[in-house]
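Residue-level structure breakdown
Here is how the chains run, residue by residue.
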Amino acid sequence: QPLSTMPGHRFDLAIVGGGIVGAATAREVTKRWPKLRCLLLEKESGLARHQSGHNSGVIHAGIYYQPGSLKAKLCVRGMRRMYDYCDARRLPCKKVGKLIVATREDEFDRLAELKRRGEENRVPDLRLLTNQSEILAVEPNCTGGLRALHSPHTGIADFGAVTRSFGDDFLASGGEIRLGFELASVRFDSAQLSEPNGYPLTLQPATGESVSCRRLITCAGLHSDRVAAMTLTKDDASSDSKTAQSPPPPPSIVPFRGDYLVLRPGRESLVRGNIYPVPDLRFPFLGVHFTPRVDGSVWLGPNAVLAFKREGYGLWDISARDLADALSKPGLWRLLAANIGPGLRELRRVIDTGAMVEELRRFVPSLSRDDVARGPSGVRAQALADTGALVDDFVIVGDSEGRVMHVCNAPSPAATSSLAIAEFVADRANEKLGLGLL
């Protein structure tokens, strides 16, 4: 008898992906429906081993996002929920604030647009600083700024620790976590589909025994498109994203690596809080910035360059499969062709530390090369349409049978918004998968 047909290998709901969104979703489901037998699957030996544990740790306030988008709706609520959760669990977090700084007059219009978005998104206490003296009152070393937006509720947290705490909550509510389970395929049992209490989905790992479940939610991050392809056809894919550019089928994932510098010990007092540039609003990347960390260090960056491996944190980490997959995407070639100049500038920052320092000196001119050292790297799962457009909003799709739901795109501010995303996913899963009726 296959183990997947035995009680210990049968679950009402399986959730694939032990990052912050997957762990938050697992936690939320067991809070709402404590009688469901739920399983969280993660291919690594612990939770938060990739995007959730390799990021700047910023709790975003909701300034950048198009009003009406899922990002805008979920970020402000998620920020409040994140602070409340960290306080309740005594996890490290701090409202250090953020300045978005214009150093040139041609950035003033974009800064005004960010202010408009932030106010429409109901970002609390957002304030435009119109002269250098107001900027220096917030950041004494930010002498390069002409105008700035000040967001006092932007903060920092350890999202790896938050993810692990979500996992602890899930376990305490009766959920089960299985590590080292790398999903290789999903098989539908047509006979079980017709059974009201059947277990029609069999999840087969790369090695080890399979498990069966009645419903499936995936939050697979850097591998979300591949996992979605295990169950979806082009005729499935009903998208819950409000973004017009999101294609009907799940978008492709292209990995972008971001490298950070760190301030050397003794120079952390150079900044008090987050200092960000005015971004190019055509792209979801926010530009190189100063970010304090909860451990007292300060990160500077990141850049944004194509990664040659989906989980490749080193410059020369290469996966032939991942690279071939990325280069096969027509959207990537269209994106690169349309952005040769910005792409070359980003590449220069990878090679030359001084190039990133020069960019950061626009805000804090007293920063020198001697103040910095090379720091960690992260890889962002960037969803890409075939047109070359970067898919900016959260994207959630389901299969036509009402058995499976995929979180296909959850970029920044997904960590900030994770508790609100989990509520949204649970609502949709109840509506489309009937979780409350199981």
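This write-up is about the structure you can find in this document. Keep in mind the model is a prediction, meaning the values are calculated, not measured.

The rules we used
Residues numbered from 1 in each chain as written. Predicted model: local features only at pLDDT ≥ 70, side-chain atom pairs only at ≥ 80, totals over all residues. Heavy atoms only, no water. Helix = DSSP H or I, 4+ residues; strand = E, 2+ residues; numbered from the N terminus. Buried < 20%, exposed > 50% of the residue type's maximum accessible area, 1.4 Å probe, protein only. Contact = heavy atoms within 4.5 Å. Areas by Shrake-Rupley, 256 points an atom, 1.4 Å probe, with all protein chains shown as cover. Lys, Arg positive; Asp, Glu negative; His and termini not counted. Charge placed at Lys NZ, Arg CZ, Asp CG, Glu CD. Arc of directions from axis to C-beta. Salt bridge = Lys/Arg side-chain N within 4 Å of Asp/Glu carboxyl O.

**A look at the overall build of the protein chain**
Scanning the protein chain from terminus to terminus reveals twelve helices and 21 strands. Based on the C-alpha atoms only, the size of the protein chain along its principal axes is roughly 70 × 45 × 40 Å. Considering the protein chain as a whole, with its 438 residues, one finds that 58% of them fall into the buried category. Look at the contacts in the protein chain between residues 6 or more apart in sequence, and 75% of them connect residues 24 or more apart. When the accessible surface of the protein chain is summed, it comes to about 18,100 Å², and 50% of that surface belongs to carbon and sulfur atoms. Here the protein chain carries 56 positive and 50 negative side-chain charges, and the mean point of each set is 2 Å from the other.

**So, helix α8 (residues 320-327)**
Among all positions of α8, only D322, D325 and A326 are buried. Taken end-on, α8 shows its buried residues confined to a sector of 95 degrees, consistent with a single buried face. The secondary structure elements touched by the buried residues of α8 are α7 (224-229) and α9 (330-338).

**Overview of the pattern of salt bridges**
Two side chains bearing opposite charge may form a pair once their charged atoms approach each other closely. Taken as a whole and assessed by the stated rule, the structure comprises 33 salt bridges. The partner of E423 in a salt bridge is R77, and the shortest N-O contact between them spans 2.8 Å. In this pair, E423 is assigned in helix α12 (residues 414-433) and R77 in helix α2 (residues 70-89), connecting sequence segments 346 residues apart. Each member of the salt-bridge network shares a partner with another, and the members are R104, D106, E107, E346, R349, E359 and R362.

**What to know about unusual backbone geometry**
For residues other than glycine, phi is negative in most cases, and the peptide bonds are mostly trans. Going from G301 to P302, the amide bond is cis rather than trans, its omega being -5 degrees. Here P302 lies in the loop between β17 (298-301) and β18 (305-306). The linkage connecting S412 with the following residue, P413, adopts the cis geometry, with an omega of 15 degrees. Residues other than glycine seldom take positive phi values, yet R122 does so here, at roughly 65 degrees. By the element assignment, R122 lies in the loop between α3 (108-120) and β6 (127-129). One non-glycine residue with positive phi stands out, namely D125, at about 60 degrees. Within the secondary structure, D125 sits in the loop between α3 and β6. Overall, the relative accessible area of 54% leaves D125 in the exposed class.

Limitation: the analysis is restricted to geometry and does not speak to function.
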